[in-house]
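So the chains spell out like this:
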Amino acid sequence: MYKVRNGSRREIGRKKIMGFTVNEMKSILVREREVVKNMLDDMKKMRHAIRESRQLMKGLRSDVRREQQINRAIKADAREIHAVYRDAKRAERVAARIAKAEGRLEALKQREFARAQKGTKKSTKGVVWSAQQVAAMNVERGLV
């Protein structure tokens, strides 16, 4: 029931607690319970999401460790390859120095051989007779 006074309506016979009627308080309580229930559901979802996140982080950490091991192995291989490359380059330089020294030695030998040949007469290509042939020729010519 409403009583109209000075142009405003006012409920009659309903007692108000803290500015609300009992029915309003009940509906507010139902809404608040729903809010609390939703909050609890959200908290459960968050806990579940946190667990999943921790599992994911655990997996990612193990992946990172595996990747770090792989990177270490790659770096070690790269260092080894670089060392082999350096050794190969060094071996090439040493081989070049040896070849150069051998060339110089050969040139010195050629020079010495040429100097030795200057003082001697060149031999002519003549016929070399064996002892039996010389004896046969001597017999033919009547020298023996």
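Going by the structure above, here's the rest.
All values reported here derive from a predicted model rather than from experimental measurement.

Turning next to a nonpolar patch on the surface. Nonpolar side chains collect at one region of the surface, where Met18, Phe20 and Met25 lie side by side and expose about 310 Å² of accessible area between them. Structurally, Met25 is set in helix H1 (residues 22–118).

On to the pattern of salt bridges. Proximity of charged atoms lets side chains of opposite charge pair with each other. For the structure shown, the criterion picks out three salt bridges. Of the charged contacts, one joins Arg66 and Asp63 as a salt bridge, the two residues approaching to 2.9 Å between their closest N and O atoms. Taken as a pair, Arg66 and Asp63 lie in helix H1 at a separation of three residues, close to a single helical turn. A salt bridge links Arg115 to Glu112; its shortest N-O distance comes to 2.9 Å. Of the two residues, Arg115 and Glu112 both sit in helix H1, three residues apart, roughly one turn of that helix.

The rules behind these values
Residues numbered from 1 in each chain as written. Predicted model: local features only at pLDDT ≥ 70, side-chain atom pairs only at ≥ 80, totals over all residues. Heavy atoms only, no water. Patch = residues over 30% accessible without salt bridge, like charges linked within 9 Å, V, L, I, M, F, W, Y side chains within 5 Å. Areas by Shrake-Rupley, 256 points an atom, 1.4 Å probe, with all protein chains shown as cover. Salt bridge = Lys/Arg side-chain N within 4 Å of Asp/Glu carboxyl O. Helix = DSSP H or I, 4+ residues; strand = E, 2+ residues; numbered from the N terminus.

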